[in-house]
Amino acid sequence: GGKRESGESGVECVLRELREELGGWQPAYTPRRAVDLHVDGHLVAWFFEAEGPSAKTPLNFEVGRDGLWLPLQDLLNDSRLSPWHAAVLRAHSEGARVVNFVSPDRRDEHASEQAHDRTAD
């Protein structure tokens, strides 16, 4: 994945990244915004759902980056998967459209806020 360029919509970004990283390949259908990722209360990323090319399609990444094709279940159990991405994939598989991820260093603070919210009701 990548970052949006100035003036680029989310869908335009996805289509550009697919072109760049999949050697010009483009999906037949427009990607659909599937999951919004919020980290510590801030929206940080939109994740899109799109059809994919054959797993034999070569991946083209920037120097120093790499990728591989994995079945979803293998990916969810792979230690290289970031906690953010794992949360998004699990949410998507459960039909959720929003992930509210709390950073490990803020979990105690978040739990305290939730407890306070419950006692304030």
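Here the structure is a predicted model, which is why all the values come from computation and not from measurement. (Residues numbered from 1 in each chain as written. Predicted model: local features only at pLDDT ≥ 70, side-chain atom pairs only at ≥ 80, totals over all residues. Heavy atoms only, no water.)

K.L.:
Can you help me understand the nonpolar core in this one?
P.N.:
Within soluble globular proteins, side chains that are nonpolar tend to cluster in buried spots. If you look at the biggest cluster of nonpolar residues, it comprises 8 residues: Ala-34, Val-35, Leu-37, Val-39, Val-88, Ala-91, Val-99 and Phe-101. If you list the elements that add at least two residues to this core, you get strand S1 (32-39), helix H3 (83-93) and strand S3 (98-101). Of all the elements, S1 adds the most residues to this core, at 4 residues. Those residues in contact with Val-88 that lie beyond four places of it in its chain are Val-35, Leu-37, Phe-47 and Val-99. (Core = buried A, V, L, I, M, F, W, Y, C linked by side-chain atoms within 4.5 Å. Buried < 20%, exposed > 50% of the residue type's maximum accessible area, 1.4 Å probe, protein only. Helix = DSSP H or I, 4+ residues; strand = E, 2+ residues; numbered from the N terminus. Contact = heavy atoms within 4.5 Å.)

K.L.:
I'm lost on the pairing of strand S2 (residues 42-49) in this one. Help?
P.N.:
Consecutive residues of a regular strand have side chains that alternate between opposite faces of the sheet. Bridge count between S1 and S2: 7 bridges; the pairing is antiparallel. Bridge pairing links His-38 to Leu-43 in S2. Counting the residues between successive antiparallel strands, the hairpin from S1 to S2 contains 2 residues, one of them, Asp-40, with a positive phi of roughly 50°. (Pairing = 2+ DSSP bridges.)

K.L.:
Looking at this model, I keep getting lost on the confidence of the model for the protein. Mind explaining?
P.N.:
Detailed reading of the predicted model is not advised wherever pLDDT is low. Mean pLDDT for the protein: 85, with 87% of residues reaching 70 or above. Ranking the elements of the protein by mean pLDDT puts helix H4 (residues 107-120) last with 50 and S1 first with 96. Counting contacts from residues 111-119, a segment whose pLDDT is below 50, to residues more than four positions away or on other chains yields 1 contact. (pLDDT = per-residue confidence, 0-100.)

K.L.:
What exactly am I supposed to notice about H3 here?
P.N.:
Residues spaced three or four apart along an α-helix point in a common direction, a consequence of the helix completing one turn every 3.6 residues. Residues of H3 that are buried include every one of Ala-86, Val-88 and Ala-91, and no others. In this structure, the buried residues of H3 make contact with S1, S2, helix H2 (72-76) and S3. In the segment just after H3, Gly-95 is the residue with positive phi, at about 85°.

K.L.:
Looking at this model, I keep getting lost on helix H1 (residues 10-21). Mind explaining?
P.N.:
End to end, H1 covers 16 Å across 12 residues, agreeing with the expected 16 Å (1.5 Å per residue, within 8%). Every buried residue of H1 is listed here: Gly-10, Cys-13, Val-14, Arg-16, Glu-17, Leu-18 and Glu-21. On the buried face of H1, the contacting elements are S2. Just downstream of H1, Gly-23 is the residue with a positive phi angle, here 60°. (Expected span 1.5 Å × (residues − 1).)

K.L.:
Would you take a moment to explain the pattern of salt bridges for this structure?
P.N.:
For side chains bearing opposite charge, pairing can occur when the charged atoms are close. For the structure on display, the rule yields 7 salt bridges. Of the charged contacts, one joins Arg-80 and Asp-78 as a salt bridge, the two residues approaching to 2.6 Å between their closest N and O atoms. Arg-80 gets classed as exposed once you look at its relative accessible area, which sits at 60%. Residue classification places Asp-78 among the buried residues on the basis of a relative accessible area of 17%. Each of the salt bridges in this network shares a partner with another, and the network as a whole consists of Glu-5, Glu-8, Arg-16, Glu-17 and Glu-20. (Salt bridge = Lys/Arg side-chain N within 4 Å of Asp/Glu carboxyl O.)

K.L.:
Would you take a moment to explain the environment of Glu-12 for this structure?
P.N.:
For Glu-12, the position within the fold is in helix H1. Remark: the alpha-carbon pair of Glu-12 and Pro-31, spanning 19 residues in sequence, is separated by 9.5 Å.

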